[in-house]
Amino acid sequence: SLLTNIDGYAFAQSGLTSIDIPKSVHIIGSHTFSKCLSLKKLNFSHNSELRRVGSNAFVGSNISQCMFTPDEKGITTISNIIDIPPFSFFGCQNLKSILINNDNDGNELKRISSYAFEYSNLKSISFPQGLHLESIGTYAFFNLSKLTNIQIPLAVTSIEANAFRDCSSLTSVLFYCTSMANISSSAFVGTNVSRIDVPVTVNYTGSVERFEVQFCS
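A brief structural summary. (Residues numbered from 1 in each chain as written. Predicted model: local features only at pLDDT ≥ 70, side-chain atom pairs only at ≥ 80, totals over all residues. Heavy atoms only, no water.)

## Observations concerning the overall build of the protein
Moving on, step 1. A count of helical and extended segments in the protein gives zero helices and 18 strands.
Moving on, step 2. Across the protein, the fraction of contacts at a sequence separation of at least 24, relative to all contacts at a separation of at least 6, is 48%.
Moving on, step 3. About 9600 Å² of surface is accessible on the protein, with carbon and sulfur atoms providing 48% of the total. (Helix = DSSP H or I, 4+ residues; strand = E, 2+ residues; numbered from the N terminus. Contact = heavy atoms within 4.5 Å. Areas by Shrake-Rupley, 256 points an atom, 1.4 Å probe, with all protein chains shown as cover.)

## Considering the side chain of Asn56
Moving on, step 1. Here Asn56 lies in the loop between β5 (52–53) and β6 (75–78).
Moving on, step 2. With a relative accessible area of 14%, Asn56 lands in the buried category.
Moving on, step 3. With residues near it in sequence (within four places) discarded, Asn56 still touches His31, Ser34, Pro86, Phe87 and Ser88. (Buried < 20%, exposed > 50% of the residue type's maximum accessible area, 1.4 Å probe, protein only.)

## Considering the side chain of Ser114
Moving on, step 1. For Ser114, the location among the structural elements is in the loop between β9 (111–112) and β10 (124–126).
Moving on, step 2. Each residue touching Ser114, except ones within four places of it in the same chain, is listed here: Pro86, Phe87, Gly137, Thr138 and Ala140.

## Looking at the pairing of strand β14 (residues 172–175)
Moving on, step 1. On β14, burial follows the alternation: Val173 and Phe175 on one face are buried, whereas Ser172 and Leu174 on the facing-out side are not.
Moving on, step 2. Bridge analysis of strand β12 (residues 149–152) against β14 gives four bridges, and the strand direction is parallel. Bridge pairing in β14 links Gln151 to Leu174. (Pairing = 2+ DSSP bridges.)

## Considerations on the environment of Lys35
Moving on, step 1. Considering the arrangement of structural elements, one finds Lys35 in the loop between β3 (27–28) and β4 (41–44).
Moving on, step 2. Each C-alpha atom of the pair Lys35 and Val59 lies 6.2 Å from the other, and the pair is 24 residues apart in sequence.
Moving on, step 3. When sequence neighbours within four positions are dropped, the list of residues in contact with Lys35 reads Gln13, Val59, Gly60 and Ser61.

## A look at the pattern of salt bridges
Moving on, step 1. One pass over the full model with this rule turns up one salt bridge.
Moving on, step 2. The shortest N-O distance in the salt bridge between Glu160 and Arg111 comes to 3.3 Å. Highlighted residues: Glu160 in the loop between β13 (158–159) and β14 and Arg111 in strand β9, separated in sequence by 49 residues.
Moving on, step 3. Residue class for Arg111 comes out partly exposed when judged on its relative accessible area of 25%. (Salt bridge = Lys/Arg side-chain N within 4 Å of Asp/Glu carboxyl O.)

## Quick notes on unusual backbone geometry
Moving on, step 1. Backbone geometry at Tyr115 places phi at a positive 65 degrees, although glycine is not the residue there.
Moving on, step 2. Within the secondary structure, Tyr115 is located in the loop between β9 and β10.
Moving on, step 3. The backbone of Asn162 shows a phi angle near 65 degrees, a positive value even though the residue is not glycine.
Moving on, step 4. By the secondary structure assignment, Asn162 is in the loop between β13 and β14.
Moving on, step 5. According to the relative accessible area criterion, Asn162 is buried, its value standing at 9%.

## Some words on the packing of aromatic side chains
Moving on, step 1. This structure, assessed with the given rule, holds seven aromatic pairs.
Moving on, step 2. Ring centres of Phe117 and Phe141 lie 5.4 Å apart, and the angle between their planes is 5 degrees; on these two criteria the pair is classed as stacked. Of this pair, Phe117 sits in the loop between β9 and β10 while Phe141 sits in the loop between β11 (135–136) and β12, placing them 24 residues apart in sequence. By the burial criterion, Phe117 is buried, and Phe141 matches it.
Moving on, step 3. Taking the centre distance of 5.1 Å and the plane angle of 80 degrees together, the rings of Tyr139 and Phe142 count as edge-to-face.
Moving on, step 4. Taken together, Tyr115, Tyr119, Tyr139 and Phe142 form an aromatic cluster joined through their ring pairs. (Phe/Tyr/Trp six-rings, centres within 6.5 Å; stacked < 30°, edge-to-face > 60°.)

## So, the nonpolar core
Moving on, step 1. Ile112, Phe117, Phe141 and Phe164 are the most contacted members of the largest nonpolar core, which has 49 residues in total.
Moving on, step 2. Residue assignment for this core shows that the elements contributing at least two residues are β2 (18–21), β8 (97–100), β12 and β14.
Moving on, step 3. Residues in contact with Phe164, not counting those within four places in the same chain, are Ile136, Phe141, Leu147, Ile150, Ile152, Ile159, Leu170, Ala187, Phe188, Val189 and Thr191. (Core = buried A, V, L, I, M, F, W, Y, C linked by side-chain atoms within 4.5 Å.)

## So, the environment of Gln151
Moving on, step 1. By the secondary structure assignment, Gln151 is in strand β12.
Moving on, step 2. Of the residues examined, Gln151 reaches a relative accessible area of 36% and is grouped as partly exposed.
Moving on, step 3. When neighbours within four sequence positions are excluded, Gln151 is seen to be in contact with Phe127, Leu174 and Tyr176.

Rendered as structure tokens:
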């Protein structure tokens, strides 16, 4: 296939139930599959060349399996996309598990943008230690009531306001020790985190009364 781009709104509010995305597609535009209430599954080629997904691409859809060969357990693997833009998976209630892999060609995830997974049903998200993820945006994981723990990759420099707000089952946050990090005061408000382990150089502006802050070197 020679298809490289799927334009914004191309399938918005359509009756699609599943779709196969050719390997050659590099860009999915904004709102491309928004409000596709019957859309359950997106099938991507194993060696997908997808690099960018537009904002609100899947907002309001009913996707349970999408992005880079989900396995039989429903785990969605993201291997070479650079940015998860705002509202990408907002309201995707059947999206339960995300695995993010490094890409051998250097096309790896750098940013999880604001509201990216808000009101989805994620139970787990896994980052490899060597991932060069740099920032997690505001409300990126807001109100994920089933998320229990998170490990923050080495290269993250910023966790923005309310990033994990109201993740009521979240009890454990582990930072791989790094030289730079800025954590917003409200990043973990509304969680059940009792302790966070952070690098000694982190600029943490939250109230230490909310939970124990353990510094590591």
